[in-house]
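# Residue-level structure breakdown
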Amino acid sequence: HTRLKGARVLVVDDHATSRRVVGEMMAEVGTLVDEVSDAAGALEALRSQIKTGAPYDLAVIDAYMPGVDGFQLAGTIRDQPELAATKLMMLTSAGHRGDAQRCKELGITGYLVKPVAGAELLEAATAVLEGPGAGQLITRHTIQENRKRLRILLAEDNRVNQEVAVAMLRLRGHEVDFVDNGGLAVVA
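Remember, predicted model here, so these are calculated numbers, not experimental data.

Calculation rules
- Residues numbered from 1 in each chain as written.
- Predicted model: local features only at pLDDT ≥ 70, side-chain atom pairs only at ≥ 80, totals over all residues.
- Heavy atoms only, no water.
- Helix = DSSP H or I, 4+ residues; strand = E, 2+ residues; numbered from the N terminus.
- Buried < 20%, exposed > 50% of the residue type's maximum accessible area, 1.4 Å probe, protein only.
- Areas by Shrake-Rupley, 256 points an atom, 1.4 Å probe, with all protein chains shown as cover.
- Pairing = 2+ DSSP bridges.
- Axes fitted to C-alpha atoms, helices over the stretch in contact; angles between N-to-C directions.
- Contact = heavy atoms within 4.5 Å.
- Core = buried A, V, L, I, M, F, W, Y, C linked by side-chain atoms within 4.5 Å.

We now examine the overall build of the protein. A tally of regular secondary structure across the protein gives eight helices and seven strands. Its C-alpha atoms put the protein at 60 × 35 × 30 Å along the principal axes. Expressed as a percentage of the 188 residues in the protein, the buried residues total 39%. When the accessible surface of the protein is totalled, it reaches about 10100 Å², and 53% of it is carbon and sulfur.

On to the sheet that holds strand β3 (residues 58–62). Pairing within the open sheet is parallel, and its five strands lie in the order β2-β1-β3-β4-β5. The open sheet is flanked by β2 (32–36) and β5 (110–113), the only strands paired with a single partner. When the angles between neighbouring strand axes are averaged without regard to direction, this sheet yields 20°. Where β3 and strand β4 (residues 87–92) come together, five bridges link them in parallel fashion. Opposite Asp62, over in β4, you have Leu91 as the bridge partner. On the sheet, helix α1 (residues 16–27) packs against β1 (8–12), β2, β3 and β4 and is oriented at approximately 170° with respect to β2.

Counting 24 residues, the largest nonpolar core has Leu10, Val12, Ile61, Leu73, Ile77 and Met90 as its most contacted members. Listed by contribution, the elements that provide at least two residues to this core are β1, α2 (39–52), β3, α3 (70–79) and β4. In terms of residue count, α2 provides more of this core than any other element does, five residues in total. Membership of the second largest hydrophobic core comes to 21 residues, among which are Val9, Leu58, Met89 and Ala125.

What follows is the structure, given as structure tokens:
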């Protein structure tokens, strides 16, 4: 996730624990993270960073906040030319029919349903910052489809470890063969 290192990210979520968890996941890879709890705080932070000459690269916004929700906030950001360059990613605790289309219309390029695993969040944020294709929305499904699939040889003598590792790798879409030791790995 080298694209994330040094990127400025604003996390907007009314739920303190969600905000903290997302912020910590992003900070672990070297992003510079600020957190706010509502749309007014987000707009203030976005404008403040523009004035300092270090605008946010990405805003990660919770969809359903009280008062002004994430979709309304995204619309406001897109309507203001000085803020419009900020990439937007939406997180939601409950995806609703039509959300993807709404995201596209508002210029939101990433959309994930909570709970979000750290790797998934970071992959989505990277893809959003790199700029998806025109009209493409980065989702859990597009991440999985675009993930590089590898052919892996696993050398592990413990059966339980074999099963766990093979299951995890296959879940990520990889083709896995396994052997019981290094000698068999060389032969394979």
